[in-house]
Amino acid sequence: MATVMLPRSLVAILPGAERRVEVAGGTIASVIDQLDEAIPGLRNRVLDAGPTIRQHLNVFVDGQRADLATVVSATGVVHIIPAVSGG
Amino acid sequence: MMVRNLLLVGTKKGAFILESDGARERWDIRGPFAEGWGVHDMSVDPASGAILAGAANPWFGAAVWQSPDLGQTWTHSSEGLTYGDDEGAPRIKAIWNVIGANGALFAGVQPAGLFRSDDAGVTWQHVSGLRDHPSCPEWQPGAGGLICHTIIPHPTDAGRMWVAISAVGTFETRDGGETWETRNKGVRADFSPGPEPEFGQCVHKLIRVAGEDEVLMQQNHCGVYRSTNGGRTWDEITDGLPTDFGFPMVGHPRDASTAWVIPLDGGDKLHMVPEAKAAVWRTSDAGGTWTRLDTGLPQEQAYVQVLREAMAVDRLDPVGVYFGTSGGRLYGSVDEGASWSVVADDLPPIWSVEAHVVDA
């Protein structure tokens, strides 16, 4: 199974969410759909209209910057990380 | 009767709930809720009693938060709060107003538009008629953005509603949101050359007065106004105020002739209280005259700004009046503005204040 690491600030607002979630592989778009199935509402927090990854969120697959089409292997590691922004 | 008097305070960093009793002398603070979310507006759905909060987060977008139990637990949703996935479709940045009316919830958003929910805020649908108005392609933002910041349902006719958009003006629907008409006649737009435009007025806050179905008032970028015909025409009532600029306006819960505003230096100035002396101004004769109320408010070095949603009244007698500043200080008056004291200090920048009284 692939592993997704969610940020604390996202886990805090989604009931039942945990920092570390296991999903099947696939594209990032597919991974987010799987996450939303398990954690309703997650998709709307991570994706903007388009859909696109929200402007101030970064997604990494095995340490490399990813987009919705990036493929996650069956043993891949996905990090969703809020950008250094805000004030 | 014993009551719980709640102040719902939206800030740049989340929501706070201050609670007192009918005496309004001591206040307990709970929060922040929706931690890290900028809360532009809070209200209470009259049908369910749920606290509603229109909010946006720098990383996770815009959503409507709600609490069914006066702040003990919270959920949020933005399902359906979208203009669609088409390329070029505007992306919703924030929720600026959220209310319950006629068994539904309504949310005003940025960029300006109106959404409704018929399932208590779980999902939302675009009231597309507003943006279908032929003026929409020409709508321009104010300094705060192109925002639908005020929603006022008609008290007896569920098909009628007013909304206010900066910097576009006031609109009314009489067919449940299918079509809308501008309601800006008589309102100045000094920043616009030429004759009075049909739209483009920078309404800052719109209110309906108590007990009068068709009487509206507004604090505008260019003056204070009153309408006795549902906004079809407006009469300026700025005379007697120190400036024509300000953001918030609230009306007395029982007296149609009484309202409060906080004039600020406008135009290209600082948008703070004139001469760094804080004051609220009250009319008790429908705008005929205005009285300065500053007892207990700082009268020197007070660089105070109060935003459009950051003033409220409770429904007690005498009426409590409250306002929050961009500096994070919350002032209150338990004598209808005659005197003021600090209710809370050192909060994050305050964006909204709402009062809610429940039986203890």
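Up top is the structure these notes are about.
If you're wondering where the values come from, they're calculated on a predicted model, not measured in any experiment.

> Outline the nonpolar core, supporting the account with residue identities and numerical values.
If you look at the biggest cluster of nonpolar residues, it comprises 46 residues, and the most contacted ones within it are A:L6, A:I28, A:L35, A:L42 and B:W65. For this core, the element with the highest residue contribution is helix α2 (residues 28-38) of chain A, accounting for 4 residues. If we ignore the near neighbours within four places in the chain, the residues touching A:I28 are A:V59, A:V61, A:A66, A:D67, A:L68, A:T70, A:V72 and A:V78. Residues B:F16, B:V250, B:W340 and B:A344 belong to the second largest nonpolar core, which totals 36 residues.

> Account for the pairing of strand β21 (residues 259-264) of chain B, naming residues and giving values.
Residue and element names in this part refer to chain B. A large share of β21 lies buried, amounting to 6 of its 6 residues. Every second residue of β21 is oriented toward a common face, with A259, V261 and P263 on one face and W260, I262 and L264 on the other, all of them buried. Of the pairings in the sheet, the one linking strand β20 (residues 245-251) to β21 comprises 5 bridges and is antiparallel in character. When the sheet's bridge partners are listed, G246 is paired in β21 with P263. One ladder, built from 3 bridges, connects β21 with strand β22 (residues 280-283); its direction is antiparallel. Paired with V261 across the two strands is W281, which belongs to β22.

> Residues and numbers for the sheet that holds strand β27 (residues 341-344) of chain B, please.
Residues and elements named next belong to chain B. Strand order in this open sheet of 4 strands is β24-β25-β26-β27, and the pairing throughout is antiparallel. Bordering the open sheet on either side are β24 (311-313) and β27, each of which pairs with just one other strand. Neighbour-to-neighbour, the strand axes of the sheet open up by a mean angle of 30°, direction not taken into account.

> Describe the pattern of salt bridges, naming the residues involved and giving the relevant values.
Residue and element names in this part refer to chain B. With the rule as written, the count across this model stands at 17 salt bridges over all chains. Salt-bridge contacts for D244 lead to R188; the nearest nitrogen and oxygen are separated by 3.4 Å. Linking D244 in the loop between β19 (235-236) and β20 with R188 in the loop between β15 (181-182) and β16 (203-208), this pair joins segments that are 56 residues apart in sequence. Across the salt bridge formed by R292 and D294, the nearest N and O atoms sit 2.8 Å from each other. On the accessibility criterion, R292 (34% relative accessible area) is partly exposed. Linked through salt bridges whose partners overlap, the residues forming this network are R160, E172, R174, E181, R183 and E214.

Cut-offs applied
Residues numbered from 1 in each chain as written. Chains lettered and ligands numbered in written order. Predicted model: local features only at pLDDT ≥ 70, side-chain atom pairs only at ≥ 80, totals over all residues. Heavy atoms only, no water. Core = buried A, V, L, I, M, F, W, Y, C linked by side-chain atoms within 4.5 Å. Buried < 20%, exposed > 50% of the residue type's maximum accessible area, 1.4 Å probe, protein only. Helix = DSSP H or I, 4+ residues; strand = E, 2+ residues; numbered from the N terminus. Contact = heavy atoms within 4.5 Å. Pairing = 2+ DSSP bridges. Axes fitted to C-alpha atoms, helices over the stretch in contact; angles between N-to-C directions. Salt bridge = Lys/Arg side-chain N within 4 Å of Asp/Glu carboxyl O.

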